[in-house]
Amino acid sequence: MIAPKFFVSSSNCICACLRLPISLGLAVGIASAMLFFGASALKAQEPGAPQMAPSAAQALASQPLKSEKNEAAGVRAEEPVRDARGVPHYHCDVLVIGAGAAGLSAAIEASRAGADVIVIEKMPMAGGNTILSSDGVVALNATASTPAHAKPVPASGDEQAAAGAAGAQNAALSGAAAHASSNRALVTLPPEGERLYSILSVHQAAGEPILARKLIAESGEAVRWLESCGIDLRKQTQYPGAEGIFSRRPTSDSPLGFEVIRGLLRELEAAGIPMQTLTRAERFIYDKAGEISGVRALGRCGAIIYEARAVVIATGGYAGSIDAIRADNPQMPLLSTTNSAGATGDGLALAQAAGGKKTRTGCISMHGTTLAVSGMLVPHGVRAEGAILVNENGQRFVNELLPSDEVAQAILAESGQEAWLIFDEGILKGSRTLSLAADIGSLDVVYKAATSAGLARQIGVPARHLSQTVMDYRRMAAQGRDLAFGRPTLKSKLDDGRLCAVRVRPAYHSTSAGIAINAKSEVLRADGQPIPGVYAAGEAAGGIFGRHVPDNLGIVSAVVFGRTAGKDAAMHAIERRGAEAPDVLDAPGCP
């Protein structure tokens, strides 16, 4: 079966267009496939085409253009209307900014709800940070989860008190007490959901109670929805320390993010939703009534106006920008990042310019294990399978299964701010990242030896210390109990083949600070009131997580709140269809 074909569109002027099937992208690998990812191109008038008279453009500007089928490609394309200045205008019910898991989920759900949708993406390809994900997704069993459409139930007195306390703490951090006031009802969770919520709370990873509990309650439904999109998540492993909670990943062991984005793009294509890449949203535009009515964007060929009845911001966080990170905390160390180049906080700036509130400052998470030279992320699953961390003295110094941010902080506290990841050949064979690092020609070196002493000599740590460390760990693994650091699971005795080691160091990984939202994914002002028609999801949204963003919950969060944003944005847009559309007022500075 041949995979659907996708377009990559540069901007309102189609300067270049790639039409490559996904199967070809797979053949050349993830890095090349990312360049080919996109969705349906937006058809625009060529520079030399006859221009519409200003009066005709004004007559059409107040109503949405009818979608037309592109017979050759089998996808929907939109014809722009150009105003008197030659700036093209596109019309839709819902405009989605960002093409990662959150944006694509929002677009698909908005389309299914009956809205006309356009997606714009500033990068040359779809995928965002999602496509870089190489671990699994954590979720409750679908049967134990609260369906996405279920209504929250009133909280008990104790739960309201807990919510109020947590909300007050978050408000103190952000300076916006009203942010928590719009989130008053808590969803009920099954026992395993309560366990996961407790784990997040203990590690300061739970944000606003209503948002964190919504995420957990709808996590199983989100995974089931992804599977309904043809995404393979059948391989599951027990989440460390949480009975009844599982991490899900593709059975083929292909990278999780690639599998998720590929499936969502197929759904986008099937729905005929157009996407325009290399197009960056610059600011909101308003109608004469003062309501947000779209976005002014910049494409390769100049300015573009997108008139929309609702807008979803799904542009990701800002862990890809050291300037944005240090704007929160100037003392943050200079580290590499696991993020894409597009994770620079554009959506947060867009929302703040329109009066949206940022939830809190200083919430920047690190991943503890990235390869020291290439920067490739070594997933948490490698440590869960039994790998351990040792310092330059050849000794363990941390519970390797703590949240990655805590592991990263422990590594930074060590001399040299890096560590050695120790594993055996059995773990090596099961990890795509480590296998790539072990290939001849890799920038990173995976050392191998038959004995602990032999490995110690290769990596330059005291042989006596490393030998003792490995011997102690094997003894504790046989007993099933980590007496040194309280690690909850010890799945490997590190005796499957030769011992291996690779140098790792922390990197910036995610941001939990972001645009303040409520349980409907509506963007909130400082007074806690929503901005009509503006929604946020994914890492662009804040308040879902606390001081740490847990491993394996990022994609689930993007899908849960992306779906919510898409459905509610569609509902808002369809309600506005009946009202006469006021003229759009573009901000000063347009060409």
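Our structure's up above, just so we're on the same page.
From a predicted model like this one, the values you see are computed outputs, not experimental measurements. (Residues numbered from 1 in each chain as written. Predicted model: local features only at pLDDT ≥ 70, side-chain atom pairs only at ≥ 80, totals over all residues. Heavy atoms only, no water.)

### So, the environment of Glu208
Logical step 1: Within the secondary structure layout, Glu208 lies in the loop between helix H7 (191–202) and helix H8 (209–217).
Logical step 2: Residue classification places Glu208 among the buried positions, given a relative accessible area of 3%. (Helix = DSSP H or I, 4+ residues; strand = E, 2+ residues; numbered from the N terminus. Buried < 20%, exposed > 50% of the residue type's maximum accessible area, 1.4 Å probe, protein only.)

### Some points on helix H14 (residues 404–412)
Logical step 1: The buried fraction of H14 is high, at seven of nine residues.
Logical step 2: Three or more residues of H14 are buried, namely Ser404, Asp405, Val407, Ala408, Ala410, Ile411 and Leu412.

### Overview of the sheet that holds strand E8 (residues 137–139)
Logical step 1: Pairing in this open sheet of three strands is antiparallel, and the strands run E8-E10-E9 from one edge to the other. The sheet is open, and its two borders are formed by E8 and strand E9 (235–238), each paired with just one other strand. Adjacent strand axes in the sheet meet at a mean angle of 35°, parallel and antiparallel pairs treated alike.
Logical step 2: The pairing of E8 with strand E10 (residues 246–249) spans three bridges and is antiparallel. (Pairing = 2+ DSSP bridges. Axes fitted to C-alpha atoms, helices over the stretch in contact; angles between N-to-C directions.)

### What to know about the nonpolar core
Logical step 1: Core analysis: the biggest nonpolar cluster contains 111 residues, and Val94, Leu95, Leu264, Leu268, Phe284 and Ile313 have the highest contact counts within it.
Logical step 2: Here this core gets 10 residues from one element, more than from any other, and that element is helix H19 (residues 554–577).
Logical step 3: Ignoring sequence-local partners within four residues, the contact set of Leu264 consists of Ala101, Leu104, Ser105, Ile108, Trp225, Leu226, Cys229 and Ile231.
Logical step 4: Judged by nonpolar contacts, the second largest core, of 39 residues, contains Ala387, Val398, Leu428 and Ala437. (Core = buried A, V, L, I, M, F, W, Y, C linked by side-chain atoms within 4.5 Å. Contact = heavy atoms within 4.5 Å.)

### Description of the packing of helix H17 (residues 452–459) against helix H18 (residues 463–479)
Logical step 1: Remark: H17 packs on H18, axes separated minimally by 8 Å, with the N-to-C direction vectors making an angle of 135°. What the angle tells us is that H17 and H18 run oblique. Of the two possible hands of crossing, H17 and H18 adopt the one that is right-handed. Across the interface between the two elements, Ser452, Ala453, Leu455, Ala456 and Ile459 from H17 touch Ala463, Leu466, Ser467 and Val470 from H18.
Logical step 2: A class-by-class count of the residues in the contact of H17 with H18 yields seven nonpolar, two polar and no charged. (Parallel < 35°, antiparallel > 145°, perpendicular 65-115°, else oblique. Left-handed = near helix turned anticlockwise from the far one by under 90°. Nonpolar A, V, L, I, M, F, W, Y, C, P; charged D, E, K, R; others polar.)

### As for the packing of helix H9 (residues 219–228) against H19
Logical step 1: Across the interface, H9 lies against H19 with an axial gap of 9 Å and an inter-helix angle of 90°. Classed by the angle they form, the pair H9 and H19 counts as roughly perpendicular. Contact with H9, carried on its side by Ser219, Glu221, Ala222, Trp225 and Leu226, involves Val556, Val559, Val560 and Arg563 of H19 and no other residues of that element.
Logical step 2: Partitioned by chemical class, the residues of the contact of H9 with H19 number six nonpolar, one polar and two charged.

### With respect to the packing of aromatic side chains
Logical step 1: By the definition in use, this model includes two aromatic pairs.
Logical step 2: Centre to centre, the rings of Tyr90 and Tyr306 are 5.5 Å apart; their planes meet at 20°, and the pair counts as stacked. Of the two residues, Tyr90 sits in strand E6 (residues 88–97) while Tyr306 sits in strand E14 (residues 302–313), which places them 216 residues apart along the sequence.
Logical step 3: Relative accessible area serves as the criterion here: at 0%, Tyr306 is assigned to the buried category.
Logical step 4: Ring centres of Trp420 and Tyr447 lie 5.9 Å apart, and the angle between their planes is 70°; this geometry places the pair in the edge-to-face category. (Phe/Tyr/Trp six-rings, centres within 6.5 Å; stacked < 30°, edge-to-face > 60°.)

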